[in-house]
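Okay, here's what each chain looks like letter by letter:
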Amino acid sequence: MLQVSNAMKRYGGVQALGGVTLDVAEGTVHALLGHNGAGKSTLIRALSGATTLDEGRIELDGDVLQLESPRSAIAAGIATIHQNLSLVGALTVAENIFLGNEKRRGLFVRRGQQRDQAAETLSQLGLDGIHNRRVATLSMGTQQLVEIAKALERHSPRVLILDEPTAALTHGEVEKLFEQVAALRARGLHIIYVTHRLAEIEQIADHVTVLKNGEVVLSQPTANLHRDDVFRAIAPGRSTSGGAGVAHAVNGPAEAHSAAASQAGARPSGGLEVRRLDGHGLRGVDLQVKAGEIVGLYGPLGSGGSAILDILAGARRNWAGEIALGGNVYAPRSPSDALRKGVALVPSDRRSRALFAGMTMSENVLIAKAQRVSRAWLRSTRRERQAFDRVAADVNLIPRDPRAVAGLLSGGNQQKCVLARWLVISEELRVLLLDEPTQGIDVGARAEIYSLLRRAARDEGMAVLVNSSDVEEVVAIADRAYVIVDGAITGTVAAADLTEAQLLNLANQ
Amino acid sequence: MNRPAPATRGRSKLLSALVGSALLIGVVVMLIGFSVASPLFLTPNNLRQILLEGSVLALVAAPLTILVLMGMIDLSVGSMLGVGGVVAGELMVRFHVNPLLAVLVAVAVGVLIGLANGTLVGFLRWSPIVVTLGMLTALRGVAQVIAPQTPNGFPAGFGSLGAGYVLGIPAPLFFGAGAFVVAAVFLYRTPWGRHAYAIGVNREAAFLSGVAVRRLPMIAFAVTGGAAALGGVLDAARLDAAPGGTLGVGFELTVLTAVLLGGVAFEGGRGTLFGAVLGVLFLVILQNGLTLLNVQNYYQDIANGLALVVAAALNFAAERQGTAGGLTALLDLVRDRQVRPAAPQAENTPIPAEDGLVTK
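Cut-offs and rules
Residues numbered from 1 in each chain as written. Chains lettered and ligands numbered in written order. Predicted model: local features only at pLDDT ≥ 70, side-chain atom pairs only at ≥ 80, totals over all residues. Helix = DSSP H or I, 4+ residues; strand = E, 2+ residues; numbered from the N terminus. Rg over C-alpha atoms; globule rule 2.2 N^0.38 Å. Buried ≥ 20, exposed ≤ 12 C-beta atoms within 10 Å, placed from the backbone. Contact = placed C-beta atoms within 7 Å. Pairing = 2+ DSSP bridges. Expected span 1.5 Å × (residues − 1). Arc of directions from axis to C-beta. Core = buried A, V, L, I, M, F, W, Y, C linked by C-beta atoms within 7 Å. pLDDT = per-residue confidence, 0-100. Axes fitted to C-alpha atoms, helices over the stretch in contact; angles between N-to-C directions. Parallel < 35°, antiparallel > 145°, perpendicular 65-115°, else oblique. Left-handed = near helix turned anticlockwise from the far one by under 90°. Nonpolar A, V, L, I, M, F, W, Y, C, P; charged D, E, K, R; others polar.

A.B. asks: Where do I start with the overall build of chain A in this structure?
C.D. replies: For chain A, the count of helices and strands is 20 helices and 22 strands. In terms of C-alpha radius of gyration, chain A reaches 24 Å, essentially the compact-globule figure of 23 Å for 509 residues. With the C-alpha coordinates aligned to their principal axes, the bounding extent of chain A is approximately 65 × 50 × 50 Å. Each of the 509 residues in chain A was classed as buried or not, and the buried ones make up 53%. Sequence-distant contacts in chain A: of pairs separated by 6 or more residues, those separated by 24 or more amount to 69%.

A.B. asks: Looking at this model, I keep getting lost on the overall build of chain B. Mind explaining?
C.D. replies: Of regular secondary structure, chain B possesses 15 helices and two strands. Relative to all contacts within chain B whose residues are 6 or more apart in sequence, the contacts with residues 24 or more apart total 80%.

A.B. asks: Would you take a moment to explain the pairing of strand β6 (residues 78-81) of chain A for this structure?
C.D. replies: Remember that side chains alternate between the two faces of the sheet whenever the strand is regular. Residues and elements named next belong to chain A. Where burial is concerned, the two faces of β6 agree: the one with Ile78 and Thr80 and the one with Ala79 and Ile81 are both buried. As paired elements, β6 and strand β9 (residues 159-163) share four bridges and run parallel to each other. Each bridged residue has a counterpart across the sheet, and for Thr80 the counterpart in β9 is Ile161.

A.B. asks: What is the right way to read helix α16 (residues 381-395) of chain A from this model?
C.D. replies: An α-helix turns once per 3.6 residues; consequently, residues spaced three or four apart project the same way. Residues and elements named next belong to chain A. Here α16 contains 15 residues, and its C-alpha end-to-end distance of 21 Å stays within 8% of the 21 Å for a straight helix at 1.5 Å per residue. For α16, every residue scored as buried is listed here: Glu384, Ala387, Phe388, Val391, Ala392 and Val395. Buried residues of α16, viewed axially, fall in a sector of 125 degrees; they line one side. Across α16 from its buried face, at more than 90 degrees, point the exposed residues Arg382, Gln386, Arg390 and Ala393. Looking at the packing, one finds that the buried side of α16 touches α14 (361-365), α15 (370-373), α17 (411-423) and α18 (443-458).

A.B. asks: Just checking my understanding: could you explain the nonpolar core for this structure?
C.D. replies: In a soluble, globular protein the nonpolar side chains are often hidden away together inside. Leu433(A), Val464(A) and Ala61(B) are the most contacted members of the largest nonpolar core, which has 259 residues in total. Setting aside anything within four residues of it in sequence, one finds Leu433(A) in contact with Leu309(A), Leu312(A), Ala313(A), Val343(A), Ala344(A), Leu345(A), Val346(A) and Leu465(A).

A.B. asks: What's the story with the confidence of the model for chain B in this structure? I'm lost.
C.D. replies: For any part of a model where pLDDT is low, the fine detail of the predicted coordinates should not be relied upon. All names here are of chain B. With 83% of its residues at a pLDDT of at least 70, chain B reaches an overall mean of 86. Contacts of residues 1-9 to residues separated by more than four positions or lying in other chains number 24 contacts, the stretch itself having pLDDT below 50. Note on the complex model: pTM 0.76, ipTM 0.80.

A.B. asks: Looking at this structure, I do not really get the environment of Pro332(A). What am I missing?
C.D. replies: Residue and element names in this part refer to chain A. Considering the arrangement of structural elements, one finds Pro332 in the loop between β17 (328-329) and α12 (335-340). Since 21 C-beta atoms lie within 10 Å of it, Pro332 is described here as buried. Separated by 155 residues in the primary sequence, Pro332 and Leu177 have C-alpha atoms spaced 39 Å apart. In contact with Pro332, other than residues within four places in its own chain, are Gly314, Asp337, Ala338, Lys341 and Val343.

A.B. asks: I would appreciate a short explanation of the sheet that holds β9(A) in the present structure.
C.D. replies: The strands making up a sheet associate through hydrogen bonds between their backbones, and the pairing can be parallel or antiparallel. Residue and element names in this part refer to chain A. Taken together, the six strands give an open sheet; going across it, the order is β6-β9-β10-β3-β11-β12, and neighbouring strands pair in mixed fashion. Every other strand in the sheet has two partners, leaving β6 and β12 (215-221) as the edge strands with one partner each. The average undirected angle you get between the axes of adjacent strands in this sheet is 20 degrees. Across the sheet, helix α1 (residues 40-47) touches β3 (28-34), β6, β9, β10 (190-194) and β11 (207-212), and the angle it forms with β9 is around 145 degrees.

A.B. asks: Teacher, can you tell me more about the environment of Val194(A) here?
C.D. replies: Residue and element names in this part refer to chain A. Mapped onto the fold, Val194 is located in strand β10. Exposure remark for Val194: the 20 C-beta atoms within 10 Å place this residue in the buried category. Separated by 293 residues in the primary sequence, Val194 and Gly487 place their C-alpha atoms 31 Å from one another. Beyond its immediate stretch of four places on either side in the chain, Val194 contacts Leu32, Lys40, Ile44, Leu162, Asp163 and Glu164.

A.B. asks: Which parts of the structure should I look at to understand α17(A)?
C.D. replies: If you check α17(A), its first and last C-alpha atoms are 18 Å apart, about what 13 residues at 1.5 Å a residue would give, namely 18 Å. Most of α17(A) is tucked away: 13 of the 13 residues are buried.

A.B. asks: Would you mind going over the sheet that holds strand β19 (residues 431-435) of chain A with me for this structure?
C.D. replies: Residues and elements named next belong to chain A. Here six strands make up an open sheet; going across it, the order is β18-β19-β20-β15-β21-β22 and the pairing mixed. The two strands at the open ends of the sheet, each matched to only one other strand, are β18 (343-346) and β22 (488-493). Along the sheet, successive strands turn relative to each other by an average axial angle of 20 degrees, direction set aside. Pairing analysis gives four bridges linking β18 to β19, with the strands arranged parallel. Each residue of the ladder has a partner; that of Ala344, found in β19, is Leu432. Packing of helix α20 (residues 500-507) onto the sheet brings it into contact with β15 (294-298), β21 (480-485) and β22, and relative to β22 it is tilted by some 155 degrees.

A.B. asks: Teacher, can you tell me more about the packing of α17(A) against α18(A) here?
C.D. replies: In a packed pair of helices, the relevant descriptors are the angle between the two axes and the axis-to-axis distance. Residue and element names in this part refer to chain A. It is at 10 Å that the axes of α17 and α18 come closest, and there the two elements cross at 10 degrees. By the angle between their axes, α17 is roughly parallel relative to α18. Contacts between α17 and α18 involve Gly412, Gln415, Lys416, Leu419 and Leu423 from the first element and Ala445, Ile449, Leu452 and Ala456 from the second.

A.B. asks: Can you help me understand unusual backbone geometry in this one?
C.D. replies: If a residue is not glycine, its phi is most likely negative; likewise, a peptide bond is most likely trans. Residues and elements named next belong to chain A. At the junction of Ile398 and Pro399, the peptide bond is cis and its omega measures out at -5 degrees in the coordinates. Examined against the element boundaries, Pro399 turns out to sit in the loop between α16 and α17. Of note, Asn6 is a non-glycine position whose phi angle comes to about 55 degrees, a positive value. By the element assignment, Asn6 lies in strand β1 (residues 2-11). In this structure Asn6 comes out as partly exposed when scored by C-beta crowding, with 13 C-beta atoms within 10 Å. Even without glycine at this site, Asn213 takes up a positive phi of about 50 degrees.

A.B. asks: Whenever I open this one, the packing of helix α3 (residues 44-69) of chain B against helix α8 (residues 171-189) of chain B confuses me. Can you help?
C.D. replies: All names here are of chain B. Contact pair α3 / α8: the axes reach a minimum separation of 7 Å and the direction vectors enclose 25 degrees. Our classification of the angle between α3 and α8 gives roughly parallel. When you trace α3 past α8, the crossing you get is left-handed. Residues Leu51, Leu52, Gly54, Ser55, Val56, Ala58, Leu59, Ala62, Pro63, Thr65 and Ile66 of α3 form the contact with α8, whose participating residues are Pro172, Leu173, Phe175, Gly176, Ala177, Ala179, Phe180, Ala183 and Leu187. Here the contact of α3 with α8 is composed, by residue class, of 16 nonpolar, four polar and no charged.

A.B. asks: Sorry, what's going on with the pairing of β15(A) here?
C.D. replies: Residues and elements named next belong to chain A. Across the five residues that make up β15, a large majority, five, are buried. By the alternation rule, side chains of β15 split into Ile294, Gly296 and Tyr298 and Val295 and Leu297, which are all buried. Sheet topology note: the β15/strand β20 (residues 463-468) ladder contains five bridges and is parallel. Residue pairing for β20: Tyr298 is matched across the bridge by Ser468.

A.B. asks: Would you mind going over the confidence of the model for chain A with me for this structure?
C.D. replies: Here chain A shows a mean pLDDT of 86. Residues at 70 or above account for 92%. Note that residues 236-269 of chain A has pLDDT below 50 and, in this model, 58 contacts with residues that lie over four places away or in other chains.

A.B. asks: Looking at this structure, how should I read the environment of Leu189(A)?
C.D. replies: Residues and elements named next belong to chain A. Note on placement: Leu189 falls in the loop between α6 (171-186) and β10. Given 22 C-beta atoms within 10 Å, Leu189 falls into the buried group. When the C-alpha atoms of Leu189 and Gly27 are compared, they prove to be 5.0 Å apart, with 162 residues separating the residues in sequence. Beyond its immediate sequence surroundings of up to four residues, Leu189 is in contact with Arg158, Val159, Leu160 and Leu184.

Written as C-alpha cells, this is what we have:
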C-alpha cells in the first residue's frame, strides 16, 4: 500500500497541494484526474522526488519514504514515466534501456549481456525482436512501452507512475499499452495513472481520485462510479461557458447539428473542397468543408489527418490533386500565402509548433494582428492593447494580463492564446484548421474551446476542419466527420450517425 | 525548459534585479574606478575617444543583435569590414572616384555580400556558423586581392568621416548611435521587430503564423553586411589607410563579445538592444581604462575574455529565475510595486528544482 497523507505544498502565494491524502493499494491502477493546475503534477513531482513536500508523509507498506531527489525516489522503488519520454532516438532499444546504467566489464560495455537482458524484459511486455532497433524508428506506442521496460529493468519498482501515457498513442497502441498495464497490475505494482480521458478510466482504473485546487474532491472505486460524477467533480459550476460546454461535450452537440445544417445550406460558396489529394502518405483524399460547418477528421495518430491540414495551411508542398477554396483553385505556397487567402492552422504539438513560450500573451496573440493595427509601419500600443483585451475576453484568457509569459500559462490557456491568434483576425479568415486542438488540455478548457469553434462556424461562417485522434472529441465537436486510416478516407459519417462506435468501426475496417 | 513559479519574494526579486543589471553596474563601477585611478580618464578628450572607439563597434553590433535574436550569427563581419574599407580606398586612390560615390559603392558591396550570406543561411537554411565562417576566410582573401598594396592618402574630406567632429562629437558616433536608434525602432516599434524575436523563440511556430521566416533574416544579413562595410569605410577614414590584410581582423569576435556580453542569448529569442549597447560600452571603457593605466595588451585580452565568461554565469542565473537580463529586471522590480495578477502555476511546465541559485 502506497499512502500519501496530508500532503501540502506552496509555491510562493500559490497553494499547489492543500492536504492531499491518497491510498494506492497493491496491484491496482489508481487514476488521477484534475484540471491543469489542480495539483496533479505537483503530487507526481513529490512522489518522483523532483520536489519536496512542505508537510505530509509518503509511506510504502508502512515505511516512511524520504524522497529528496529523483535518485532517492528511484531507490525507494518509485518509477515515473513522464509524458515527454526520455529516450534517445539515435540509440538502440537495448542501449536506451541501459543508458547511464550500462553493464560493464572495466571500461567496456557488455553489449551482448545488455541485449539479452533487454530482450527478456521486452518480451515480458509483449515486445519481441525490437531490442536492436533504433528508438527513432519505433512508433510512439512502442516507445512508451520501451520506457516502461527501462524503468522495470533498472529499478524493479514497486510503484509505477504513468503521466498521460496515451496522449500520443493510436487506438491500437492504447489497447496494447492497457494490456501491459493490466499485466503489471497483476504482478502487484502500485500504478498511478494520470489522464484527461475519461473513457480510459472506465477501461483500466480500479480507483479514481480527482484533484481540484490542490485538494481531493472525489475518491472512489471505479466500479460504482458514473462518468457524469467525474465531470462534475473536475469542473463543478464553472462560471463561464464551461458549464454548458461540459454538458455539451458529454451529451453530444445534437441541437448544434440542426443549426449548422440550415446555415451551411445558406452559404454554399465559401468552403473548401479537396479532390484526389496525394503526397505525404495521402492516397487520393476527397473531402469537403462548407462554410459554417465543423467537420471532424478522425483517425489514429499518423493516419494522414495532420498531413492534410499542413498541406491546406501551406506548411507542406509537393502534393498532387485539386483544392478549391470558395470555388477557386487554391494552392498555397507557404503559411503566409495561405493566410492571405484566408486559411489558418492551429497545429498540434503546441509547444514546438505554435507557442512562443518566452514571449508574452499579448505577443503570442497578436503575432499576425500587430501588422494590421500598426500605423505607418509603427506599432500602436493602444490599438494592440484594445485588440488584445477584446479577444482575451472573448476566449476567456486567465489571467487577462497581456504581459504574462505564455510559457507559464496552463495548457488550456496556451491553446486559447494560439486559437485567439486567428480569432483576432477572423474577419479575414474563411477556413480554420485545427490539429488535435485539445491535446493535454483539461475538460473545462476543452469545452470552452469547443464553444469558440462553434461560434466561429455559426456566427462568422467559417469552414472549420478539426483533425483528432480522440473519438470523444470528434463526436463532441463535429457536425459531420471523415475517418482516415493510412492516408485514405475510409468513410464519412453524417450528423445523425455520429457516434464513437460508428467512427471506431470505420477506422478498424 | 525550466520556468520558475512567479516569485513574490522581495529579497530574491532585488537579487535578480541586481543579477540582471550586473552589466550596468559594471559599467558604472568602471567609470568611477578609472576616474579615481587615472586623472586622464574623466576628461572631455578621453570621453570622446571612448565614444569614437565604440562607434564602429556599435554600428555593426546593432544589426548583429537582431541577427542573433533571430537565432542567426554572422562571423564574416570582420572581413566584410576589411572589404568595405578596401573597396572605398581603392576606388578613391587608384580610380580617383568621388569619395561619396566610393563610400556608397563600398556599402553596396557589403549589402551584396550580406545578401549572399542571407540567401545561403536565411533562404537555403545552411548553417549560419559554417557559411559565415567560410565567408570570413574567403573575404579576407578577397580584400587582399582587391588591394595588394594598402591604399592610403585619401582625399581630405574623406578623412573627416572617420576623424572629424561635428558639434564636438566624433563623426563616426553619428553612425554608431544612428544604427542603434534605427535598430531600436525596428525591434520595438514595428511588428517585424516582434517577428524577429518570434523567429528566435520558435521558428516553426513563426513560420506557421505567417511570419516571413526567410525574408526577415535575409534582410538582416544584408543590413549587417552594409553596416560592416560602412564600418570599414569609417575605420579606413580614421587611419587614412585601408590595409586589406589587417583592417577588421578579429572584429567579428569583438562585436560578438559585445552582443553576448549584453545578455543576448546565442540561441536567439532572448535579449535586448539596450543590453547590446551596454556590452559595447563595457568593452570600450574597459579597453580604454586599462590602456590609460598602462596595462599590457595581454591583460586587456584576459579582462575582456573573463568578462564574457562572467556574463555567461550571470545570464544563466537570470534565466534560472526567469527574469530578463539588462535593465528590464530593474524596471520589473519597480513595476511590480503596482498590483499585477499573479500568473497561475502552469501544470505542465516544471517548477524549478530546489537547487536554484537564488530561488530560496
